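# Per-entry structural report
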Amino acid sequence: SIIADENDSDEETEDEKDGDMKYEDSKEEERAIGEYATLGIQLSHAIMPTFVVIEHPPRELSDKMGSALKEFRLWGYENEDGTGKRHNWGKYMYQIDTNKSVQTFEIPRFEGEDERKVPVVKSVVLGIDSNWGEDYICLYRVRVHGKEVM
């Protein structure tokens, strides 16, 4: 498990913005595991998530850009161990044809009566469905940002 860094800011830097590109999938039923790999993240405290940041080593440091994840899905769970009610946050694509190795993916919200809302979660699952061509996946860092809930 990866523990969320309590010192991380909820503000994204200019280098982290990436456009949040989602990919389409024709599968009828969503599975809570990735086709290629699955990473479970236990958070240090309950949060209302705002975005997930994924990093791959930059081109200047890695000659294996094909090992970066490509298509992936995100879920949030109410319990620390990946159980309880599951919240499907969608399908995304990490881009390697950009100079940004740090990419930010916004967690969707649903419209409530008075405001935009997002459920409180204690764990997150990253399901990796593909990469850019290598036989393995390289993830440098995954960060989950949100507002702490007491």
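If you're wondering where the values come from, they're calculated on a predicted model, not measured in any experiment. (Residues numbered from 1 in each chain as written. Predicted model: local features only at pLDDT ≥ 70, side-chain atom pairs only at ≥ 80, totals over all residues. Heavy atoms only, no water.)

## Some thoughts on the pattern of salt bridges
- One pass over the structure, following the stated rule, counts four salt bridges.
- Across the pair E55 and R141 runs a salt bridge whose closest N-O atoms are separated by 3.4 Å. One end of the pair, E55, is in strand β1 (residues 37–55); the other, R141, is in strand β8 (residues 141–148), with 86 residues separating them in the sequence.
- Ionic pairing is found between R73 and D129, a salt bridge with its closest N-O pair at 2.8 Å. Residue R73 is located in strand β2 (residues 71–77), and its partner D129 is located in the loop between β7 (121–128) and β8; the two are separated by 56 residues in the primary sequence.
- For R73, a relative accessible area of 2% translates into the label buried.
- By relative accessible area, which is 13% here, D129 ends up buried.
- It is possible to trace a salt-bridge network through shared partners that takes in E55, R141 and R143. (Salt bridge = Lys/Arg side-chain N within 4 Å of Asp/Glu carboxyl O. Helix = DSSP H or I, 4+ residues; strand = E, 2+ residues; numbered from the N terminus. Buried < 20%, exposed > 50% of the residue type's maximum accessible area, 1.4 Å probe, protein only.)

## Things to note about the environment of I54
- Within the secondary structure, I54 is located in strand β1.
- For the pair I54 and V142, spaced 88 residues apart in sequence, the C-alpha separation works out to 4.7 Å.

## Some remarks on the packing of aromatic side chains
- Counted according to the given criterion, the structure contains three aromatic pairs.
- With a centroid separation of 5.0 Å and 85° between ring planes, the pair formed by F72 and F105 is classed as edge-to-face. In this pair, F72 is assigned in strand β2 and F105 in strand β4 (residues 102–106), connecting sequence segments 33 residues apart.
- The class for F105 is buried, based on a relative accessible area of 0%.
- Pairing Y92 with F105 gives two aromatic rings, centres 5.7 Å apart and planes at 70°, and the pair type is edge-to-face. In this pair, Y92 sits in strand β3 (residues 86–93) while F105 sits in strand β4, placing the two residues 13 residues apart along the sequence.
- A relative accessible area of 0% places Y92 in the buried class.
- Chaining the aromatic ring pairs together yields one cluster made of F72, Y92 and F105.
- Positioned above the aromatic ring of W132, the side-chain terminus of K70 is 4.5 Å from the ring centre. (Phe/Tyr/Trp six-rings, centres within 6.5 Å; stacked < 30°, edge-to-face > 60°. Lys NZ or Arg CZ within 6 Å of the ring centre and 35° of its normal.)

## Side note on the environment of P58
- Mapping P58 onto the fold places it in the loop between β1 and β2.
- Judged by relative accessible area, P58 falls into the partly exposed class, the value being 25%.
- Residues within four places of P58 in sequence aside, it is in contact with M65 and S101. (Contact = heavy atoms within 4.5 Å.)

## Notes on the confidence of the model for the chain
- The pLDDT averaged across the chain works out to 79; a share of 73% of its residues lies at or above 70.
- Looking at the elements of the chain, mean pLDDT is at its lowest for strand β6 (residues 116–117), recorded as 62, and at its highest for β4, recorded as 96.
- Every residue in residues 19–29 is under pLDDT 50, and counting partners more than four places away or in other chains gives 19 contacts. (pLDDT = per-residue confidence, 0-100.)

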